[in-house]
Amino acid sequence: SMSVQLGDNTQTTTKGTTTNLKTVVIERCRDYIRTFPQMSSNNCDAIWEAFQNSFLGKDPCNVKVEDYDLFITTVQQDIPCNKSLFWSKTSQIAHDFAKATKCLMTLEDTLLGYMMDGLKWCGKQHSKELNYTSCPGWVECELNPVRSFWRRASAHFAELACGNVMVMLNGSIDTPFNKQSIFGSVEIKRFDSEKINYISIRVIDSLQDRVSCNSMSLEDLGKILKNASLNFDCKDIDKSEVERCINDPIPHSCDCVN
Ligand code: APR
């Protein structure tokens, strides 16, 4: 089958654009719409066209975040209030938690994120072709097509957030809140205090008795949120406790980490 499941790390096997990128993206789009029939106003062929128009023909180190603006508007999806889960350096556990509890959705659970998760792509200047030979890495140049896409999609996801939202941070590192991360540099700036009621910050600790919520890093985050008039609380949660929620989920409930 041509379909690639979430979690396949296609980018480790190729230095250029993911093999069969067009087929993979369109198949994932159709797969998503089959699973969520309320999404059927979306046209996967039109979505692919808008996507490739964002970066084809451009220098792969000069694809701007705004180059995806039109593509973002091509994808129609309502994100319900009280469902959004943000994360930073907690990819695995945050996605496992969202999947198991079914009460929250990450960017990768939306159509935009689902289509592009784990994929790599770039074009070439003055050419209408995809570059299957080599694409810049995440840090090689800032304005690479993959990074600019995730920054644009993340900004959009954060702008849509409403009601009570959750953030899962990593308490095993010195800076659970990193101002340079996509969460710290893109998403918190897009949170709208008129729409967001409350932000539950959960710092996932692998060592017992960690008090990451009292760390300087979390103090920085607290200041930023207060200045933006955003209400929040912070709790340190043992990784083992979250793993218990994942393995034995209370149906349709996020109470596990509250
Ligand atoms: N190389 C390749 N990919 C990277 C790199 C890198 N050096 N750094 C980050 N990424 C990509 C990976 O796909 C990684 O899983 O960005 C993802 C998130 O990186 P983190 O540093 O763990 O977290 P953060 O930058 O805060 O981004 C996560 O942004 O996409 C949104 O809603 C999402 O809240 C989430 C946040």
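Residues numbered from 1 in each chain as written. Predicted model: local features only at pLDDT ≥ 70, side-chain atom pairs only at ≥ 80, totals over all residues. Heavy atoms only, no water.

Participant: What's the story with the overall build of the protein chain in this structure? I'm lost.
Facilitator: Within the protein chain, the secondary structure is distributed over nine helices and four strands. Traced from its N-terminal end to its C-terminal end, the protein chain shows the element sequence α-α-α-β-α-α-α-β-α-β-α-β-α. Dimensions of the protein chain, computed from C-alpha atoms along their principal axes, come out at roughly 55 × 35 × 35 Å. With 258 residues in all, the protein chain has 50% of them scored as buried. Summarising the internal contacts of the protein chain: among those between residues at least 6 apart in sequence, 75% fall at separations of at least 24. For the protein chain, the exposed area adds up to about 13000 Å²; of that, 47% sits on carbon and sulfur atoms. Once the 28 positive and 33 negative side-chain charges of the protein chain are each reduced to a mean point, those two points are 3 Å apart. (Helix = DSSP H or I, 4+ residues; strand = E, 2+ residues; numbered from the N terminus. Buried < 20%, exposed > 50% of the residue type's maximum accessible area, 1.4 Å probe, protein only. Contact = heavy atoms within 4.5 Å. Areas by Shrake-Rupley, 256 points an atom, 1.4 Å probe, with all protein chains shown as cover. Lys, Arg positive; Asp, Glu negative; His and termini not counted. Charge placed at Lys NZ, Arg CZ, Asp CG, Glu CD.)

Participant: Can you help me understand the pairing of strand 3 (residues 196–205) in this one?
Facilitator: The side chains of a regular strand alternate, first on one face of the sheet and then on the other. In terms of burial, strand 3 is largely enclosed, as eight of its ten residues are buried. Here strand 2 (residues 163–170) runs beside strand 3; their pairing, made up of eight bridges, is parallel. Residue pairing for strand 3: N164 is matched across the bridge by Y198. With helix 7 (residues 182–190) bridging strand 2 and the parallel strand 3, this β-α-β connection has right-handed handedness. Sheet topology places strand 3 next to strand 4 (residues 232–238); seven bridges connect them, and they run parallel. Residue pairing in the sheet places I204 in a bridge with I237 of strand 4. Between the parallel elements strand 3 and strand 4, the chain passes through helix 8 (residues 216–227) in a crossover that is right-handed. (Pairing = 2+ DSSP bridges. Right-handed = clockwise from strand over helix to strand, strands pointing away.)

Participant: Hey, could you run me through the nonpolar core in this one?
Facilitator: Ranked by internal contacts, the top residues of the largest apolar core, which has 55 residues, are F71 and W121. In terms of residue count, the dominant contributor to this core is helix 1 (residues 21–35) (seven residues). Setting aside chain neighbours within four positions, we find W121 in contact with T17, L21, F51, F55, Y68, M116, C135, P145, V146, F149 and W150. Membership of the second largest hydrophobic core comes to 17 residues, among which are A94, C103, C245 and C254. (Core = buried A, V, L, I, M, F, W, Y, C linked by side-chain atoms within 4.5 Å.)

Participant: How should the environment of S40 be read in this particular structure?
Facilitator: Tracing the chain through its elements places S40 in the loop between helix 1 and helix 2 (44–55). It is 9.3 Å that separates the C-alpha atoms of S40 and Q76, two residues lying 36 residues apart in sequence. At 2.8 Å, the side chain of S40 forms a polar contact with the backbone oxygen of P37. (Polar contact = N/O pair within 3.5 Å; in protein donor to acceptor, adjacent residues only side chain to side chain.)

Participant: Help me understand the pattern of salt bridges in this model?
Facilitator: In a structure, side chains of opposite charge can pair up when their charged atoms sit close to one another. This structure, assessed with the given rule, holds five salt bridges. Here R30 ties to D45 by a salt bridge, and the two come within 3.4 Å at their closest N and O atoms. Taken together, the positions of R30 in helix 1 and D45 in helix 2 put the pair 15 residues apart, joining distant regions of the chain. Residue class for R30 comes out partly exposed when judged on its relative accessible area of 36%. For the salt bridge of D233 with R202, the shortest nitrogen-to-oxygen distance reads 3.2 Å. In this pair, D233 sits in strand 4 while R202 sits in strand 3, placing the two residues 31 residues apart along the sequence. Taken individually, D233 and R202 each receive the classification buried, so the pair is uniform in this respect. (Salt bridge = Lys/Arg side-chain N within 4 Å of Asp/Glu carboxyl O.)

Participant: Would you mind going over the pairing of strand 2 with me for this structure?
Facilitator: For strand 2, the buried fraction is high: seven of the eight residues fall into the buried class. In the sheet, strand 1 (residues 85–88) pairs with strand 2 via four bridges, with the strands oriented parallel. Across the sheet, W87 pairs through a bridge with M168, a residue of strand 2.

Participant: Explain the packing of aromatic side chains here, please?
Facilitator: To describe a pair of aromatic rings, one takes the distance between the centres and the angle between the planes. Under the defined criterion, the tally for this structure stands at 16 aromatic pairs. Each member of the aromatic cluster is reached from another via a ring pair, and the members are W48, F51, F55, Y68, F71, W121, F149 and W150. (Phe/Tyr/Trp six-rings, centres within 6.5 Å; stacked < 30°, edge-to-face > 60°.)

Participant: Honestly, the confidence of the model for the protein chain in this entry has me stumped. Any pointers?
Facilitator: Detail in the predicted coordinates should be disregarded across regions flagged by low pLDDT. Averaged over all residues, the pLDDT of the protein chain is 93; the fraction at 70 or higher stands at 93%. Residue range residues 1–12 is modelled with pLDDT below 50. Its contacts to residues more than four positions away, or to other chains, number 17 contacts. Both confidence scores are given for the complex: pTM 0.93, ipTM 0.91. (pLDDT = per-residue confidence, 0-100.)

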